[in-house]
Amino acid sequence: MANSGQKVVLITGCSSGIGLRIAVTLAKDEKKRYHVIATMRDLKKKDKLLEAAGDTYGKTLMLLPLDVCSDESVKQCINNVKDRHIDILINNAGVGLLGPVESISIEEMKRVFETNFFGVVRMIKEVMPDMKKRRSGHIVVMSSVMGLQGVVFNDVYTASKFAMEGFCESMAVQLMKFNIRLSMIEPGPVHTEFETKMMEDVAKMEYPGVDADTVRYFKDVYLPSSIDIFEAMGQTPEDIAKCTKKVIESNSPRFRNLTNSLYTPIVALKYADETGGLSVNTFYNLLFNFGPLMHITMSILKCLTCSCLRRRTVSPN
């Protein structure tokens, strides 16, 4: 139970990665300003979180089961919070999907949207009425730079993030009238066990039904380039957790928060040309015409750029 003066923070998707680090970072706040409710679909996967949380468990951190794909689970989780009072909701739960779109079934696509988009919508719908009554609250959504700029072979994942960005941009206007803030956290590549395993798995797949050229472009062109970018520009879950903490502690939190300054020029390409040709042609040339040069550039960037810049997070204030 939260102590007087503590803000109640509910976080989705805390069994590993970014969600785990955000939960632990807030639970270990030196001033003990937060009562963290860390949630996950399967509480059997709680061991990593409890190990990282240490003695904060049972004090500034508690666990609740939550499946963001289930209306009943979402309602039951919020009902288990005292007075349904949540000051800060952090929507972190998400799934990825990578590969040639011809090889991806419609059911797989729906599963991505069920978590990445409708899961967020369910959570916001459940906490928003109480926040409106109190005229206070902060909703944080873990988006992605891919919610701003499309990335080849990430078509479905990108679409789910674009949908979430549009939904939240619309909601933010209404929520301001009720003194409720909505903030998007937009990381680029992040080093997590999930990302590593996904990259390894897709490299081994055969992709029946996809033409040979597309499979070759995916395996021999896209994947090596993606690995180069991850190694040169990737952040850690700790970096994203620190950024999120800064956002929720800001007196005037921004709506959009890119966590990696190296991605600002990439996103800017899209808005520099209203026809869209500049960004599309740039990414095409980088991937298919200047692949070797891009590899060399990423290798130099990895060597020359200090970790403090590569992992630089936003400073809302």
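Going by the annotation in an unreviewed UniProt entry, the name recorded for the protein is Ketoreductase domain-containing protein, with Zoarces viviparus given as the source organism. What UniProt records for the protein under Sequence similarities (unreviewed entry) is the sentence "Belongs to the short-chain dehydrogenases/reductases (SDR) family."

J.: Just to check I follow, could you spell out the overall build of the protein for this structure?
T.: Helix and strand content of the protein: 13 helices and seven strands. At 20 Å, the protein has a C-alpha radius of gyration in line with the 20 Å of a compact globule built from 317 residues. The principal-axis extent of the C-alpha atoms belonging to the protein is close to 60 × 40 × 40 Å. Taken over 317 residues, the protein has a buried fraction of 47%. Counted over contacts in the protein with a minimum sequence separation of 6, partners at least 24 positions apart contribute 78%. Mean positive and mean negative side-chain charge positions of the protein (40 and 36 charges, respectively) differ by 8 Å.

J.: It is not clear to me how the packing of helix H4 (residues 106–116) against helix H5 (residues 118–134) should be interpreted in this structure. Could you clarify?
T.: Relative placement of two packed helices is described by the angle separating their axes and the distance separating the axes. With their axes 3 Å apart at the nearest point, H4 and H5 run at an angle of 25° to one another. Between H4 and H5, the interaxial angle falls into the category roughly parallel. Two secondary-structure elements touch here, H4 through Phe113, Glu114, Thr115 and Asn116 and H5 through Phe118, Gly119, Val120 and Arg122. Residues belonging to the contact of H4 with H5 are distributed by class as follows: three nonpolar, three polar and two charged.

How each quantity is defined
Residues numbered from 1 in each chain as written. Predicted model: local features only at pLDDT ≥ 70, side-chain atom pairs only at ≥ 80, totals over all residues. Heavy atoms only, no water. UniProt positions renumbered as here; feature names shortened; annotations may be inferred. Helix = DSSP H or I, 4+ residues; strand = E, 2+ residues; numbered from the N terminus. Rg over C-alpha atoms; globule rule 2.2 N^0.38 Å. Buried < 20%, exposed > 50% of the residue type's maximum accessible area, 1.4 Å probe, protein only. Contact = heavy atoms within 4.5 Å. Lys, Arg positive; Asp, Glu negative; His and termini not counted. Charge placed at Lys NZ, Arg CZ, Asp CG, Glu CD. Axes fitted to C-alpha atoms, helices over the stretch in contact; angles between N-to-C directions. Parallel < 35°, antiparallel > 145°, perpendicular 65-115°, else oblique. Nonpolar A, V, L, I, M, F, W, Y, C, P; charged D, E, K, R; others polar.

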